[in-house]
Every structure is written in structure tokens, then in C-alpha cells.
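# Breakdown of the fold
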Amino acid sequence: MNLLNIYDYEKAAAEKMPSAFHEYYAGGVADNLTLHENRAAFDRIKLLPRIFRDVRHISLETTLGGEKRPSPFLIAPAAMHKLGHPDGELATARAAASFGMPQILSTLSSVAVEEITAVHHPVWFQLYIFRDRGWSAEIVQRAVAAGCQALVVTVDVPVQGLRENLHRIDFSFPPEIPIPNLARAEHGQDNSSLLKLVNDNFDPGLTWADIEWLRGLTNLPIWVKGILRADDAQRAVQAGVDGIIVSNHGGRQLDTAVTPIEALPHIAQTVGDQIELILDGGIRRGTDVLKALALGAKGVALARAPLWGLAVNGETGVRHVLQLLHDELENVMAQCGCTAVDQLTPDLIYNPPQP
Ligand SMILES: Cc1cc2nc3c(=O)[nH]c(=O)nc-3n(C[C@H](O)[C@H](O)[C@H](O)COP(=O)(O)O)c2cc1C
């Protein structure tokens, strides 16, 4: 199969992976409406390209989190990369490292945070705050000690979404795949009971006070992942967080929730001059990235795209997927008359004249 774009990788991964594992990666919740809208919303947006701009030299360089970055891409947190390939998150880390790209490592990764930071910088750590705050504090301390450079608190899972697709196939994680960031002597090694513990530990009682609690644990930058409303974004600014990830969890939480690309403009207009925004959800094409940056995101995070690369061909597959997206972004920037990411502005987006 000629692997020319992310959709080719998606198809190849579907053919290669055990169907239950593929369902875990690909699926959404309930009627999969938000899952599909995450793509459709990008496809509906039309571009207004600029001409005659001398686009011989394109740079993807940007700044994010106060640092210079080679590109606006990040790896989004996704649980259990070992379902895709035996090297799991290590393969993803090595591929991301070759692009100098931050990897946001999931709390539920199948490789320990220390093994990832040994091969890759920068690593940001995605945190689920559990009912057992002592356990959460231990996880934070471990991530800090391992050298992670930011914490990303996921805030859109007060309870688990309606994963009917997984219930229907009676999905469970294979017992031989570990969840090492959660290892604690009293929890034992059996990850099926550990996962039950995690599910029982998602805390519907979380509030903004928990960000204050987290601030007391570490000086690392704190990002909040899963905001879709401008008033929540404003509240995040007041709470002193360092950045916001505009996200609907890849269509895996609240079905019919608004898509990140539709929510972004209002959030960017409200807080975009005060705080950095990353968008994730549905990024499969260079034009998606261009649209997100034009509408106010500083960066974009990728979950399923690198997972498809991983499943097809391990580290090499992730590397190729990331290369494809870099190349596509450069190509479409040139066609839009842009040589640098700061030239990606809202006027590139076509708005039909109002009657
Ligand atoms: C298989 C899978 C596992 C995920 N696990 C996590 C997780 O552990 N923590 C988290 O904050 N988000 C998780 N997400 C959500 C992603 O971080 C991200 O918000 C979303 O998937 C981005 O959309 P995309 O998959 O279309 O790129 C997961 C997504 C997938 C596909």
C-alpha cells in the first residue's frame, strides 16, 4: 500500500491491528457524532489563499510555552501505545525527539515516564487528578523527578463518556500490558483491577480549587486540557494556568459536544492575548493545522495520527506520519502565501458574505 497521507495510515492500521485494539484507538462515544464532526468541521472551512508572496523559504518555527520550537506540533496524550506496537510510547518518543517535538505522556501510558524522559525532551505529563489526592500527588512528584517540563491536567473526564462501542465488545486491556505510572505496592501488578481502580477514581468533585492544590505541589507550567467555552477559558486565566488545550477529547467524552475548531475562535478572541492555546481533535491534514493556527492556536496536538503510524510501522511509522504532516503544512502555507506561522491569520479563512 502506498502510504501517502494520514488516511492511508488509518486504513493500513485498521487492517493490521487486532479489531478490539483498533476499536479502542478509533472509536468515540454513544453515536460517534462528535467524533465525525471533529473531521467534518475542518472540511467545511474554506481558505482564502494569498498570491505573489515569494514563498521559496518556509519556516515552521514558533514559540510555545516560552520556548522556541521547530514546529507547532505536539504529541497529544493517548493511553496504551503498546496496543499499537510492542515498543509503545518509546517508539513515539524517539520519533517525536527527531522533530524536537514535545510529547504529552498520558498518565495511562504503557511505558514508565522515566523511560520516556531518558530518550526524549521535552516531555509534558498528562495528569488525571484522582479522588485519592495522595496518589495523584505521588504521580506528580514522579513526573517532576523524571524531568517532565509541564503538567497537562485533563478536565473533561468528570465521569467516563458512554463508551458503548467498548462495552459491546466487552473490551479489556490485555493483562500483559502494564500501566507503570500507576504502580504502587498496595495496588499489585494486575492491570485489570488497576484499571477498575482508575475508573472508580475519576473524580466528579473536581473544581478550580484543585488547580490551586496542584500549584502547591510543583512550579512546573500547568496546562488545562479539555476546555471548549470562552468563560471557562477566562476562569483558567484567572486561576493562573499557563496554557489551555482546546479539546473535546477526540470525540471520546461528551457526544454532540462542539468541535475544538468551532470553539476556538471565540476562545481566542476572549483570552488569546493572555494565554497560549493548543488545539487537538481531528487533525489529519496540513490544512487542518493551518486553519487551527489561523484561528488562534499556537500549537496543535496529534493523538490518532501518530497512533496509526505506530501501529503500521513502529517508530518509523510515527516518524513518517509526522513528516507527512510537516510537509503538508509547508506545502499549504506556500499555497496560501505564508512563509512563517505568524502569518497565519484569520483573514485566510473564508467567511461567506452575510445576506
Ligand atoms: C486511544 C486514545 C487514548 C487517549 N487517552 C487519553 C489520555 O489518557 N488522556 C487524555 O487526556 N486524553 C486522551 N486521549 C485524547 C487525546 O489526547 C486527544 O484529546 C484527542 O484524541 C485528539 O484527537 P485526534 O485523536 O483526532 O488527534 C486519548 C485519545 C485516544 C485516541
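Residues numbered from 1 in each chain as written. Predicted model: local features only at pLDDT ≥ 70, side-chain atom pairs only at ≥ 80, totals over all residues.

Moving on, we come to helix H13 (residues 304-335). Across its 32 residues, H13 extends only 26 Å between first and last C-alpha, which sits more than 12% below the 46 Å expected from 1.5 Å per residue. The sharpest bend along H13 measures roughly 140 degrees and falls at Asn313. In the stretch just after H13, Gly337 is the one whose phi turns positive, near 75 degrees. (Helix = DSSP H or I, 4+ residues; strand = E, 2+ residues; numbered from the N terminus. Expected span 1.5 Å × (residues − 1). Bend = angle between axes of the 7 residues up to and from the residue.)

A few words now on the environment of Ser98. Looking at the secondary structure, you find Ser98 in helix H4 (residues 88-98). Separated by 22 residues in sequence, Ser98 and His120 have C-alpha atoms that sit 9.0 Å apart.

All right, on to the nonpolar core then. Formed by 100 residues in total, the largest nonpolar core has its most connected members in Phe125, Leu151, Val152, Ile244, Val246, Leu264 and Val300. Here the element with the most residues in this core is H13; it accounts for 14 residues. With residues near it in sequence (within four places) discarded, Leu264 still touches Val246, Leu279, Ala292, Leu295, Gly296 and Ala297. (Core = buried A, V, L, I, M, F, W, Y, C linked by C-beta atoms within 7 Å. Buried ≥ 20, exposed ≤ 12 C-beta atoms within 10 Å, placed from the backbone. Contact = placed C-beta atoms within 7 Å.)

What follows concerns the pairing of strand E10 (residues 299-302). Burial of the side chains of E10 extends over both faces: Gly299 and Ala301 are buried on one face and Val300 and Leu302 on the other. The sheet contact formed by strand E3 (residues 73-75) and E10 spans three bridges and is parallel. Paired with Leu74 across the strands is Ala301, a residue of E10. Bridge analysis of strand E9 (residues 276-280) against E10 gives three bridges, and the strand direction is parallel. Counted as the bridge partner of Ile278 is Gly299 from E10. Handedness of the β-α-β unit built from E9, helix H12 (residues 286-294) and E10 comes out right-handed. (Pairing = 2+ DSSP bridges. Right-handed = clockwise from strand over helix to strand, strands pointing away.)

Positionally, Pro178 belongs in the loop between helix H7 (164-168) and helix H8 (191-201). Between the C-alpha atoms of Pro178 and Ala91, which are 87 residues apart in sequence, the distance is 16 Å. Those residues within four positions of Pro178 in sequence are excluded, and the remaining contacts are Ser110 and Asn191.

Everything listed here is a matter of coordinates, which is why it stays silent on function.
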